[in-house]
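Each chain is listed here by its residues.
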Amino acid sequence: MIIARTPAELKASRGPGSIGFVPTMGALHEGHLSLIRDSKAATDQTVVSIYVNPTQFNNPDDLENYPDTMTADLEALQALGVDVVFLPSYDVLYPDGFTYQVTETDFSNELCGAHRPGHFTGVLTVVMKLLNLVKPDKAFFGEKDFQQLTLIRDMVDAFYLDVEIVACPTVRESDGLAMSSRNLNLTRCDREKAPLFTKILHRAADDTDAIRQLTCAGFDIDYVTSLRGRRFGAVNMGEGEHVVRLIDNVAMEN
């Protein structure tokens, strides 16, 4: 497994055949690993990036508390047979100091974007940079972050990028909670309660009913909104600097 830290090292690591790419912020879980398996099955060489991108965090505490499991992550990637791991620094990805940005002016202002100013500008900018550096044939993203997936796919179309964005199903814990690196920061009590979030999104008669049920269950709700054939939700759990934000979405049934 090759570890590249600069664009030159990344370019030198490129092998023959098709390239699959899985961008991550580390703290890898089975959801990430499933994307990597999909990439390995569909392409000749798989590149995984690990970079906690500060430009997409509107809350400094969220950035500060983001889990760091780099040693375990690299061991997991080695075991899966990943070909290249890209570990860039801020200076590598943002030599311009984030003065050049990719901004979407419509869907990014809804759902998570309405509650996290600048979040998707940071996401789209770093993904654009990573796609330009890795130059993959296919890039793999999970449906748990469905708004992010949609925006990235639309960005690729808008800028005629030569890459296929592959959507992969949400991977869940046995109790239904969508896997997320942030789940590591949940207290034991909140972790036991968290699956109710997904169950209520599934079972509620409508958005108003979902909000009522979540409120009764003690969740701090950012939003519950149905659009584009899905019901989206975001809640906060915990207190003070230990607040954990959970997002999920479920397909709407007729």
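That block above? That's the structure.
Residues numbered from 1 in each chain as written. Predicted model: local features only at pLDDT ≥ 70, side-chain atom pairs only at ≥ 80, totals over all residues. Heavy atoms only, no water.

Give me the packing of helix H7 (residues 119-134) against helix H8 (residues 146-158): which residues, what numbers.
It is at 11 Å that the axes of H7 and H8 come closest, and there the two elements cross at 50°. One finds that H7 runs oblique with respect to H8. Where H7 crosses over H8, the handedness of that crossing is right-handed. Seen from H7, the contacting residues are Phe120, Val123, Leu124, Val127, Met128 and Leu131; seen from H8, they are Gln147, Gln148, Leu151, Ile152, Met155 and Val156. (Axes fitted to C-alpha atoms, helices over the stretch in contact; angles between N-to-C directions. Helix = DSSP H or I, 4+ residues; strand = E, 2+ residues; numbered from the N terminus. Parallel < 35°, antiparallel > 145°, perpendicular 65-115°, else oblique. Left-handed = near helix turned anticlockwise from the far one by under 90°. Contact = heavy atoms within 4.5 Å.)

Please give an account of the side chain of lysine 144 that cites residues and values.
Tracing the sequence through the fold places lysine 144 in the loop between strand S5 (138-142) and H8. Residue classification places lysine 144 among the buried residues on the basis of a relative accessible area of 14%. If sequence neighbours within four positions are ignored, lysine 144 has contacts with Thr170, Ala178, Met179, Ser180, Ile247 and Asn249. (Buried < 20%, exposed > 50% of the residue type's maximum accessible area, 1.4 Å probe, protein only.)

Talk me through the pairing of S5; I want residue IDs and the actual numbers.
Sheet topology note: the strand S2 (residues 19-24)/S5 ladder contains 2 bridges and is parallel. By the bridge assignment for S5, glycine 20 is matched with lysine 138. Pairing analysis gives 5 bridges linking S5 to strand S6 (residues 164-168), with the strands arranged parallel. Residue pairing across strands places lysine 138 opposite glutamate 164, the latter belonging to S6. Each parallel crossover has a hand, and the one from S5 via H8 to S6 is right-handed. (Pairing = 2+ DSSP bridges. Right-handed = clockwise from strand over helix to strand, strands pointing away.)

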